[in-house]
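# Close look at the chain arrangement
Residues per chain are reported as follows:
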Amino acid sequence: MVMGTLREEAELAIVGGGPGGYVAAIRAADLGREVVLIDERTRLGGVCLLEGCIPSKALIHAAGLIDAAREAKAVGLEFAPPKLDLGVLRQFVHGVIATMAKGIDGLLQKRGVEVIHGRARFTGPRTLLVEGEHQSTIEFRNAIVATGSRPTRIPLAEELPVWTSTEALGIPEIPSRLIVVGGGYIGLELGQVYAALGSKVTIVEFAPRLLPGADPDLVEVVVRRAKQGLAGMLVESKVVGMERTAAGLAVTVEHEGQRQTLEAERVLIAVGRTPNTDAIGLETLGLSVDAQKRIPVTDECRTSAPHVFAIGDAVPGPMLAHKASREAKIAAEVLSQHKSAFDNRAIPAVVYTDPEIAWAGLTEREALERSVPIKVSRFPLRALGRAWTLGRTEGFVKMITAPDTSLLLGVGMVGPQASELIAEATLALEMGATLEDILVTIHPHPSMSEAILEAAEVAAGSPVHINPAKGR
Ligand code: NAD
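A quick note: this is a predicted structure, and the numbers were derived from the prediction, not measured.

## Details of the overall build of the chain
Of the regular secondary structure elements, the chain holds 13 helices and 20 strands. At 24 Å, the chain has a C-alpha radius of gyration in line with the 23 Å of a compact globule built from 472 residues. Taken along the three principal axes of its C-alpha coordinates, the chain extends 75 × 60 × 45 Å. Classification of the 472 residues of the chain by burial places 51% in the buried group. Restricting the contact set of the chain to residue pairs at least 6 apart, pairs at least 24 apart contribute 62%. Separation between the mean location of the 48 positive side-chain charges and that of the 56 negative ones in the chain comes to 2 Å.

## What about the sheet that holds strand 13 (residues 266-269)?
The four strands lie next to each other as 9-8-7-13, forming an open sheet whose pairing is parallel. At either end of the open sheet lies a strand with only one pairing partner, and these are strand 9 (232-234) and strand 13. The average angle at which neighbouring strand axes cross in this sheet is 15°, direction not considered. The pairing of strand 7 (residues 177-181) with strand 8 (residues 200-204) spans five bridges and is parallel. The residue bridging Arg 177 from the neighbouring strand is Lys 200, located in strand 8. The sheet contacts of helix 6 (residues 185-196) involve strand 7, strand 8 and strand 13, and relative to strand 8 the element is tilted by about 165°.

## Looking at the packing of aromatic side chains
Considering all chains together, one arrives at two aromatic pairs under this definition. Here Phe 122 and Phe 140 contribute two aromatic rings whose centre-to-centre distance is 5.7 Å and whose plane-to-plane angle is 80°, an arrangement assigned as edge-to-face. Placement of the pair is Phe 122 in strand 3 (residues 114-124) and Phe 140 in strand 5 (residues 135-145), with a sequence separation of 18 residues. Each member of the pair, Phe 122 as well as Phe 140, carries the same accessibility label: buried. For the ring pair Trp 163 and Tyr 194, a centre distance of 5.5 Å and an interplane angle of 50° mean the geometry is tilted. Taken as a pair, Trp 163 in the loop between strand 6 (149-151) and helix 5 (165-169) and Tyr 194 in helix 6 lie far apart in primary sequence, 31 residues in all. Tyr 194 gets classed as buried once you look at its relative accessible area, which sits at 0%.

## Quick look at a nonpolar patch on the surface
On the surface, a nonpolar cluster with roughly 330 Å² of combined accessible area is contributed by Val 75, Leu 77 and Phe 79. Checked against the element boundaries, Val 75 lands in the loop between helix 3 (53-71) and helix 4 (86-110). Judged by relative accessible area, which is 66%, Val 75 ranks as exposed.

## Focus on the pattern of salt bridges
A full pass over the atoms with the stated rule returns 28 salt bridges. Arg 141 is the partner of Glu 11 in a salt bridge, and the nearest nitrogen-oxygen pair spans 3.7 Å. In this pair, Glu 11 sits in strand 1 (residues 6-15) while Arg 141 sits in strand 5, placing the two residues 130 residues apart along the sequence. By relative accessible area, which is 17% here, Glu 11 ends up buried. On the basis of relative accessibility, which here comes to 52%, the residue Arg 141 falls in the exposed class. Of the charged contacts in the structure, one is a salt bridge between Asp 354 and Arg 225, with a shortest N-O distance of 2.8 Å. Of the two residues, Asp 354 sits in the loop between strand 16 (349-351) and strand 17 (356-361) while Arg 225 sits in helix 7 (residues 216-229), which places them 129 residues apart along the sequence. In this pair, the class of Asp 354 matches that of Arg 225, namely buried. One continuous salt-bridge network, built from bridges that share partners, spans Glu 71, Arg 225, Asp 354, Arg 392 and Glu 394.

## Thoughts on the nonpolar core
Counting 71 residues, the largest nonpolar core has Ile 144 and Ile 357 as the members making the most contacts within it. Residues in contact with Ile 144, not counting those within four places in the same chain, are Leu 12, Ala 13, Ile 14, Val 15, Ala 24, Phe 309, Ile 311, Ala 331, Ala 332 and Leu 335. Judged by nonpolar contacts, the second largest core, of 29 residues, contains Val 350, Ala 360, Ala 428 and Val 458.

## Details of the packing of helix 1 (residues 21-30) against helix 4
Following both chains from N to C, one finds helix 1 and helix 4 inclined at 25°, their axes separated by 9 Å at the closest point. As summarised for this structure, helix 1 and helix 4 are arranged roughly parallel, according to the angle between their axes. Every pair of crossing elements has a handedness; the one defined by helix 1 and helix 4 is left-handed. In this structure, helix 1 uses Tyr 22, Ala 25 and Ile 26 to contact helix 4, whose residues at the interface are Ile 104, Leu 107 and Leu 108.

## So, helix 1
Extensive coverage of helix 1 is indicated by the burial of eight of its ten residues. Buried residues of helix 1: Gly 21, Tyr 22, Val 23, Ala 24, Ala 25, Ile 26, Ala 28 and Ala 29, and no others. Structurally, helix 1 contributes buried residues whose contacts are with strand 1, strand 2 (35-39), helix 4, strand 5 and helix 8 (321-335). Within two residues after helix 1, Gly 32 carries a phi angle of roughly 95°, on the positive side.

Parameters and conventions
Residues numbered from 1 in each chain as written. Predicted model: local features only at pLDDT ≥ 70, side-chain atom pairs only at ≥ 80, totals over all residues. Heavy atoms only, no water. Helix = DSSP H or I, 4+ residues; strand = E, 2+ residues; numbered from the N terminus. Rg over C-alpha atoms; globule rule 2.2 N^0.38 Å. Buried < 20%, exposed > 50% of the residue type's maximum accessible area, 1.4 Å probe, protein only. Contact = heavy atoms within 4.5 Å. Lys, Arg positive; Asp, Glu negative; His and termini not counted. Charge placed at Lys NZ, Arg CZ, Asp CG, Glu CD. Pairing = 2+ DSSP bridges. Axes fitted to C-alpha atoms, helices over the stretch in contact; angles between N-to-C directions. Phe/Tyr/Trp six-rings, centres within 6.5 Å; stacked < 30°, edge-to-face > 60°. Patch = residues over 30% accessible without salt bridge, like charges linked within 9 Å, V, L, I, M, F, W, Y side chains within 5 Å. Areas by Shrake-Rupley, 256 points an atom, 1.4 Å probe, with all protein chains shown as cover. Salt bridge = Lys/Arg side-chain N within 4 Å of Asp/Glu carboxyl O. Core = buried A, V, L, I, M, F, W, Y, C linked by side-chain atoms within 4.5 Å. Parallel < 35°, antiparallel > 145°, perpendicular 65-115°, else oblique. Left-handed = near helix turned anticlockwise from the far one by under 90°.

In short, geometric facts, not functional conclusions.
The following block contains the structure:
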């Protein structure tokens, strides 16, 4: 032990204060645990609040206002071209973050959770060393690893001043040209934001299509719209070189054996995220990680060391805040001797593009990969009154059902407010709903949610606002 190290005991030590860690702390404290929460940052909330979900959505809101003002011409409203005050936009984003972070502090304080700011590392099966303003050793009975993830780096850009989502969300400037490497969640969301704010954005994606994890028909609708705002979307394109230029960076891209060099002031690397499972002393707990650096866990979120739990981006599954928060509650409940397990049927996914993409449950892509027989029924938004009143009729809702029963297996959608609509679909999936359950549910009119009802009607063969399929 280093001289001057404080020693304390904790019934539960949680490492990481993001939407996994702080939610676990709240739930565990409410269940009577004495909790110490450790995070190396000065503010709680993790990547999601400080440099992820929340700031990106604040920027997407601003980008949406710019697009809406331009498109208002269609309803007879004309605005002057927007003038961007970057300082005010930053203040707005920082204000949102500060308010939410303060809220988390208050919630934890009220419950008597002790928060320690410092870098934590396991030093034995029941000890953690925390190096911060003070150095302390915590002896714990249970621990939860909720250390999250960080942007994955690419070797070609190792020494270069590229952006990750962290820098991009700080909006240090609006580059005149921006190259985004990676056409996944972040590439598309931030690519569209910077395009709306005035950058000429080119997305370079390695896979044969953008958002390779989503069903292609959903992505296609976004690509069609993005074509108007983005300077380029290159797929099946490999970055083979990157170097500094006087103006910024030059990126050499290879597509079908042909090379081209693109120049830009800034390059944003958005090729995925890497779990923060290294350098935290997992080996001292006897834990190892899988090929993707994730800690294997049971459905109770328990690691192979039974008194240690792990949740969120540090464990297998989609790297989504709401999945981390669900696991957080499970871990807190299980270690408090409550019966709880991750038995969810659906984890909703939302891509906050314009228009939004969302899905829950089985996707068409997964059904194809796993040879699961399905029936797919689509309801186009151009047949929906509320979509017309918003002036946004591109997109659709699709229902994926079992062909022999009317059991709902999955829902996918693309269109305005998909991020909100998917909650109803997720609840339906979680409750094991059949098409009939949705058909007898009265949906408010006029609303976007009617698209879910209408898609169920299409699936049941009784559509009202589109013509029935031939042969019925
Ligand atoms: P991602 O996995 O969504 O997308 C990364 C993309 O980069 C993939 O399409 C991949 O094919 C491509 N790629 C990988 N290596 C490449 C290379 N060398 N050159 C070109 N393309 C390459 O990852 P992300 O966009 O970095 O986001 C990370 C994670 O954060 C997401 O998987 C998601 O879990 C989470 N996230 C979620 C949201 C949301 O919920 N709305 C938003 C942002 C991020």
